[in-house]
Amino acid sequence: MSRMALAGLRWLRELFLLILGTTTALFFLLRLTGDPAVVLGGADATEAQIQAIRAEYGLDRGLAVQYASYIVSLARLDFGRSLADGTPALAKALTAFPASLLLAGLAMLAALICAIPLGVWLGARRAGVARTMVRWLVFILQGFPGFVVALLLVQLFAIELTWLPALGYAGPATWILPTVSVASFLAPKLTRMIEANVSGALDSPYVRTARAIGASDREVLWHHALPNALLGVASLVGAQFVFIVTGLVIIETLFAWPGIGWLLVQSTTNLDFPVVQAITLVTVTTVFLVNTLIEFAQYRLDPRLRRHGPVAIGSHA
Amino acid sequence: MSAIAEVSPASPESLRSSNWELWAGGVLLTCIVVLAVFGPAIAVHDARFVDLDHRFVPPFSPGFALGTDQLGRDLVARILRGLRWSFATALCATLLASVIGTALGLLAARSRSLLGKTIRQMTALAQSFPVFVLAISLVAVVGNGFLAVASILGLVTWPVFCRIVQAEAQSLFAREYVIAAEMLRMSALRLYVRHILPGLVASLSVVVPFHFADMLIAESALSFLGIGAPLGAATWGNMLQESRSYLLTAPWLMLVPAAAVVSLVISANLLGDGLRRRLA
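The structure presented is a predicted model; accordingly, all values stated were derived computationally and were not measured. Numbers given to residues run from 1 along each chain, matching the order in which its sequence is written. Here the convention is simple: chains get letters from A, ligands get numbers from 1, in the order in which they are written. Note on the predicted model: pLDDT of at least 70 is required for a residue's local features to be given, and 80 or more for side-chain atom pairs to be given and counted; whole-chain, interface and lining totals, by contrast, use all residues.

Draft legend 1. Structural context of the overall build of chain B. A run of DSSP states H or I qualifies as a helix once it reaches four residues; a run of E qualifies as a strand once it reaches two. Both are numbered from the N-terminal end. In terms of helices and strands, chain B carries nine helices and zero strands. Counting from the amino terminus, chain B carries its helices and strands in the arrangement α-α-α-α-α-α-α-α-α. With respect to the three principal axes, the spread of C-alpha positions in chain B is 75 × 50 × 30 Å. Looking at chain B as a whole, 46% of its 280 residues qualify as buried. Contacts are defined on C-beta atoms placed from the backbone: any two residues whose C-beta positions lie within 7 Å are in contact. Considering only intrachain contacts with a sequence separation of at least 6, the fraction spanning at least 24 residues in chain B is 72%. Residue burial here comes from a neighbour count, namely the number of other C-beta atoms, placed from the backbone, that lie within 10 Å of the residue's own C-beta, with 20 or more meaning buried, 12 or fewer meaning exposed, and in between meaning partly exposed.

Draft legend 2. The overall build of chain A, seen in detail. Scanning chain A for helices and strands turns up 14 helices and zero strands. Across chain A, helices and strands are ordered from the amino to the carboxyl terminus as α-α-α-α-α-α-α-α-α-α-α-α-α-α. Each of the three principal axes of chain A carries a C-alpha extent, and together these read 85 × 65 × 30 Å. The buried share of chain A, taken over its 317 residues, is 36%. When contacts within chain A are restricted to residue pairs at least 6 apart in sequence, those whose partners lie at least 24 apart make up 71%.

Draft legend 3. Inspection of the nonpolar core at higher detail. To form a nonpolar core, buried Ala, Val, Leu, Ile, Met, Phe, Trp, Tyr and Cys residues must be joined through C-beta atoms within 7 Å. Among the nonpolar cores identified, the biggest contains 144 residues, and Ala93 of chain A together with Ala135 and Ile136 of chain B are the most heavily contacted of them. For this core, the element with the highest residue contribution is helix H9 (residues 252-279) of chain B, accounting for 15 residues. Residue contacts for alanine 93 of chain A: discarding those within four places in its chain leaves Ile260, Leu263, Val275, Ala278, Ile279 and Val282 of chain A.

Draft legend 4. Quick peek at the packing of helix H3 (residues 114-126) of chain B against helix H5 (residues 146-173) of chain B. Residue and element names in this part refer to chain B. Geometry is summarised by axes, namely lines fitted to C-alpha atoms with helices restricted to the contacting stretch, and by angles between N-to-C directions that run from 0 to 180 degrees. Two elements in contact, H3 and H5, have axes separated by 9 Å at closest approach and are oriented at 120°. Considering the angle they form, H3 stands oblique to H5. Handedness of the H3/H5 crossing: left-handed. For the pair H3 and H5, the contacting residues are Ile119, Met122, Thr123 and Ala126 in the first and Pro159, Cys162, Arg163 and Gln166 in the second. Three residue categories are used. Nonpolar comprises Ala, Val, Leu, Ile, Met, Phe, Trp, Tyr, Cys and Pro, charged comprises Asp, Glu, Lys and Arg, and polar comprises the others, including Gly. The residue inventory of the contact of H3 with H5, partitioned by class, reads five nonpolar, two polar and one charged. Working rule for angles: under 35 degrees goes down as roughly parallel, over 145 as roughly antiparallel, 65 to 115 as roughly perpendicular, anything else as oblique. It is the rotation of the near helix from the far one that decides the hand of a crossing: anticlockwise by less than a right angle makes it left-handed, clockwise makes it right-handed.

Draft legend 5. Looking closely at the environment of tryptophan 163 of chain A. Relative to the assigned elements, tryptophan 163 of chain A resides in the loop between helix H8 (146-160) and helix H9 (172-202). On the basis of neighbour count, tryptophan 163 of chain A is assigned to the exposed category, with 11 C-beta atoms found within 10 Å.

Draft legend 6. Spotlight on the interface of chain A and chain B. With 41 residues of chain A at the contact, the number on the chain B side is 36 residues. At the level of secondary structure, the elements contributing two or more residues to the side of chain A that touches chain B comprise helix H1 (3-32), helix H7 (129-142), H8, H9, helix H11 (217-255), helix H12 (260-269) and helix H13 (273-301) of chain A. Of the residues contributing to the side of chain A that touches chain B, the split by class is 27 nonpolar, 13 polar and one charged.

Draft legend 7. Here's a closer look at H5 of chain B. To estimate the expected span of a helix, subtract one from its residue number and multiply by 1.5 Å. The terminal C-alpha atoms of H5 of chain B, which comprises 28 residues, lie 38 Å apart, in line with the 40 Å expected from a rise of 1.5 Å per residue. At threonine 157 of chain B, H5 of chain B is bent by approximately 45°, the largest bend along its length, and proline proline 159 of chain B sits one to four residues beyond. A residue's bend is simply the angle between two axes: one fitted to the seven residues ending at it, one to the seven starting at it.

Draft legend 8. Spatial organisation of the confidence of the model for chain A. Residues and elements named next belong to chain A. Across chain A, the average pLDDT comes to 81, with 91% of residues at or above 70. What pLDDT expresses is the predictor's confidence in each residue, scored from 0 to 100. Within chain A, helix H6 (residues 97-124) carries the highest mean pLDDT (90), whereas helix H14 (residues 303-308) carries the lowest (65). Low pLDDT, under 50, characterises residues 310-317; the predicted model gives this stretch 19 contacts beyond four residues in sequence or across chains.

Draft legend 9. Molecular detail of the environment of alanine 225 of chain A. All names here are of chain A. Tracing the sequence through the fold places alanine 225 in helix H11. Alanine 225 sits in the buried class, given 25 other C-beta atoms within 10 Å. Taking the C-alpha atoms as reference, alanine 225 lies 35 Å from leucine 15; in sequence the two are 210 residues apart.

Draft legend 10. Molecular detail of unusual backbone geometry. A positive phi angle, near 60°, is found at leucine 77 of chain A, a position not held by glycine. Looking at the element boundaries, leucine 77 of chain A is found in the loop between helix H4 (63-75) and helix H5 (89-95).

Draft legend 11. The packing of helix H7 (residues 188-224) of chain B against helix H8 (residues 236-243) of chain B, seen in detail. Residues and elements named next belong to chain B. It is at 7 Å that the axes of H7 and H8 come closest, and there the two elements cross at 45°. Here H7 is positioned oblique relative to H8, judged by the angle of their axes. For the pair H7 and H8, the crossing hand works out as right-handed. Contact with H7, carried on its side by Ser220, Ala221, Leu222, Ser223 and Phe224, involves Trp236, Gly237, Asn238, Leu240 and Gln241 of H8 and no other residues of that element. A per-class count over the contact of H7 with H8 returns five nonpolar, five polar and no charged.

Draft legend 12. How the structure looks around the confidence of the model for chain B. The share of residues in chain B with pLDDT of 70 or more is 93%, and the mean pLDDT across the chain is 83. Every residue in residues 1-13 of chain B scores below 50 in pLDDT, and together they form 20 contacts with partners more than four places removed in sequence or on other chains.

Draft legend 13. Structural detail: H7 of chain B. All names here are of chain B. Taking 1.5 Å per residue, 37 residues should reach 54 Å; H7 reaches only 46 Å between its end C-alpha atoms and comes up short. At valine 201, H7 shows its maximal bend, which comes to roughly 40°. Looking one or two places after H7, you find glycine 226, whose phi comes out positive at around 85°.

Draft legend 14. Geometry of the environment of asparagine 19 of chain B. Relative to the assigned elements, asparagine 19 of chain B resides in helix H1 (residues 12-42). For the pair asparagine 19 of chain B and glycine 274 of chain B, spaced 255 residues apart in sequence, the C-alpha to C-alpha distance is 6.5 Å.

Dropping the structure here:
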């Protein structure tokens, strides 16, 4: 079997284990922490109604049987129906998906547009007042949780200045505040990592050699240090994608942005477990796929990986 | 691994500034701990005392240093009460995650059994796992409250520690003094207590402050979403959530808890950065 096919099989196994682990954990926690029929029935359900729910969802069977049938229906991508409106849970999760994808893409773009130039500047510049000040600014910004940034932005731009709408999902004007809020999760972290990468590359032996041969500072930075440092950015983006998902949950709820995060919080507060399960699986799978894509792109871009197998370039938290 | 591994050698300048960061973070956090422990006792007003005659008093008013909220409750008292909640939750979550992560990391560093393999696989996968989503689903299932939130946050974030301990322990087991101790048939318990755990202290104490900050943000985010703390309890997340209805008329209801969250997170980050420069 070729190496590619083997890698593909290993990848499939990992995805399978991830999904199996997540669903199993969710299933048993749901059963361990109480009778789902009582939760599903709501506070004012009668005993007869609870019995009916038990029969309908098969909760009167043994735990092992329940688990088996749960896994079988998952294999057919059947997550059950939303308890709120009876639509299939998976369809509900997938309908909310594009809005989240838009926000995640915009935020990633905004974060990279800020972080790459800033990180390169910080990493390439020698110590000085301006550099120290910018580093402090980045450090302080890192202390601001995304939802605090969002609240401050709403206060300033929507309430005081009334330039932008405070919430909603209707055209580019409503995109700005959520994008900046999610990007604020990432930009400081990314900036510090890029700074470390660039200054690390500038200190490396091959740059010293280039300098010794007579390359100018500018040449060294643009032709030798940067390409190498920015290769690492790809893996940073992968590592940060998880934070974007976290950001989405909070920021979407804050801005009433009809994406996956908003739906997750809605379903959680309504105890709509089928939808919560479907969303969890969709998110886990998406993050996994994005990471695979990035790994693959890196593998194509960086010849060192092809020779020595995957090594983590700058994959630090 | 984390950025710990790639800190440039300390120049005299960075050594000075590292001491400064370490001290600033340490002093700030100590003050915050003192406030968390004694604050609610020395506060003039009670955090739950509803005083409808003094609603929306702006900050810096006589008697109400940070103002009052929509029910006339004193913000100083509520911030201190929220501090206690946030601090305790984040600390318990961090301790739980570090204990589980260290134990499993030590196991994974040595074990060739299925268990060791499973742990290694799990930590690798956890790097690309949206932990917060899992935490939300679990809170939905388990219910809210201090114990639930602290243990869920601890239980979903232990891979952070596991990964670091595993890498560090693997390199420790390759050191001469550990190999020598093993050859001398030192008991496993003694080996771990005398040689392995002390070697882990430096990297663990760097991770703890950063993890604490992360847990703090996660906790306040959960209670901001209305699924972490009991509704109406004086926590920073709840206060921020409630403040959203009064952004136009009483912005301090948002600004005061926001400042509290930010200063606690920055203090923890300062301590972490200082420790990193000092120990790594």
